[in-house]
Amino acid sequence: MRKLVVCAAAIMTASVALAAGGGGGGMSSMPSSSVPQYDAAAEYRTGQAAFSAGDFKAAATAFDHVISVAPKDANAHYLGGVSKARLGDNKAAARLLTKAVKLDSSMTSAWRELGIVQARAGDKAKAEATVANLKTRAATCGTCAEAAPLKDAIDAINGALSGTPAASRDTSLLFASAEAGDARYLEAVSLINEARYDDAIVSLGKARESFGPHPDILTYLGFANRKLKRFDVAEDYYRQALAIAPDHRGATEYFGELMVERGDLAGAKVMLASLDAQCRFGCAEAEELRLWVSAGRSPHS
């Protein structure tokens, strides 16, 4: 596998060059070519800033914008739900938080807020069910890294059920810093180069907490999952990336490469045509995918 290269500015510039080499989906239909109404990553950062400033209405609006473009982003649903809860809209908060835990069942913070909202809304049965779920996870966890957050979540929901106000949380803890996100992103690229794909996925998930559904992060999540032979998962990430950024050359190339691996040369040629249309004077992504299509497999194997 050729090394993946990323510039030192990392993800914040939104112009990180993705190196040629693996990933993608397996269907011949193209992702939506319509331009998204919102820049998901920019709206995510807007929501974070508004929430930190105590402007929960603006935060909720920004996270709604993210969700409209990236409906599978668990972080946006979680933060949108917390914003709605701060506005006293428990019904909307519960809806968003329920979706967050469906998208990512391991998100303890979302389970915590969901249980509190359920208790405040008077839905004792659902809040108790949420506590039971967390207790099951805690028993399985033992002394794992999530032990303390799980205990905090259980205690907070039980407190809400008993009418005890939940302890005030430092809102800064809801967000990972941009610097931390950059570090995690660069770490993920290094881990991929070392073929440590499971570890890279964890680091990319942490970067995603900082930057939301950024197409570069989604693209590398697809790459790492593809290397682990999770082809359907990889395809889903590439489709998410291209739904947000239809002209993302890295995601387009990688999508085409996985099509080749799956024997869908017709679909890969459609992707190559898209790259050729974008790169009128040629580009590395188009030339790499052309090699894959010509060989009918990875040219580096």
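Scroll up to find the structure this text is about.
What you are looking at is a predicted structure, and each value in this text was computed from that prediction instead of being measured.

### Overview of the overall build of the protein
Here is step 1: Along the protein, the regular secondary structure elements total 14 helices and zero strands.
Here is step 2: Each helix and strand of the protein, ordered N terminal to C terminal, gives the series α-α-α-α-α-α-α-α-α-α-α-α-α-α.
Here is step 3: Taking all 301 residues of the protein together, 50% fall into the buried category.
Here is step 4: The contacts of the protein with a sequence gap of at least 6 include a subset with a gap of at least 24, amounting to 65%.
Here is step 5: Of the roughly 13,700 Å² of accessible surface on the protein, a fraction of 54% belongs to carbon and sulfur atoms.

### Points about the environment of A93
Here is step 1: Residue position: A93 is located in helix 4 (residues 90–103).
Here is step 2: Placed 14 residues apart in sequence, A93 and L79 show a C-alpha to C-alpha distance of 9.4 Å.
Here is step 3: Those residues in contact with A93, other than ones at most four positions away along the chain, are G81, K84, A85 and V117.

### Observations concerning the packing of aromatic side chains
When we look at a pair of aromatic rings, we describe it by the centre distance and by the angle of the planes.
Here is step 1: All told, the structure shown has five aromatic pairs when counted by the stated rule.
Here is step 2: Measuring from centroid to centroid gives 5.9 Å for Y44 and F63, while their planes differ by 75 degrees, and the two rings are edge-to-face. Of this pair, Y44 sits in helix 1 (residues 40–52) while F63 is found in helix 2 (residues 56–69), placing the two residues 19 residues apart along the sequence. The pair Y44 / F63 is uniform in exposure class, with both members buried.
Here is step 3: Their ring planes at 45 degrees and their centres at 5.9 Å tell us that Y185 and Y220 sit as a pair that is tilted. In this pair, Y185 is assigned in helix 8 (residues 178–193) and Y220 in helix 10 (residues 215–227), connecting sequence segments 35 residues apart.
Here is step 4: Among the aromatic side chains, those forming a connected cluster through ring pairs are F223, Y238 and Y254.

### As for the pattern of salt bridges
Here is step 1: Scanning the entire structure with this criterion turns up 20 salt bridges.
Here is step 2: Here R112 and D152 are joined by a salt bridge, their closest N and O atoms 2.8 Å apart. Separated by 40 residues along the polypeptide, R112 in helix 5 (residues 108–120) and D152 in helix 7 (residues 147–161) bring together distant segments of the chain.
Here is step 3: Classification of D152 by relative accessible area gives partly exposed; the value is 35%.
Here is step 4: Between R196 and E194 there is a salt bridge whose closest N-O contact spans 3.1 Å.
Here is step 5: The partly exposed category is assigned to E194, whose relative accessible area is 47%.
Here is step 6: Through salt bridges with shared partners, a single network forms among D232, E235, R239 and R262.

Procedures and definitions
- Residues numbered from 1 in each chain as written.
- Predicted model: local features only at pLDDT ≥ 70, side-chain atom pairs only at ≥ 80, totals over all residues.
- Heavy atoms only, no water.
- Helix = DSSP H or I, 4+ residues; strand = E, 2+ residues; numbered from the N terminus.
- Buried < 20%, exposed > 50% of the residue type's maximum accessible area, 1.4 Å probe, protein only.
- Contact = heavy atoms within 4.5 Å.
- Areas by Shrake-Rupley, 256 points an atom, 1.4 Å probe, with all protein chains shown as cover.
- Phe/Tyr/Trp six-rings, centres within 6.5 Å; stacked < 30°, edge-to-face > 60°.
- Salt bridge = Lys/Arg side-chain N within 4 Å of Asp/Glu carboxyl O.

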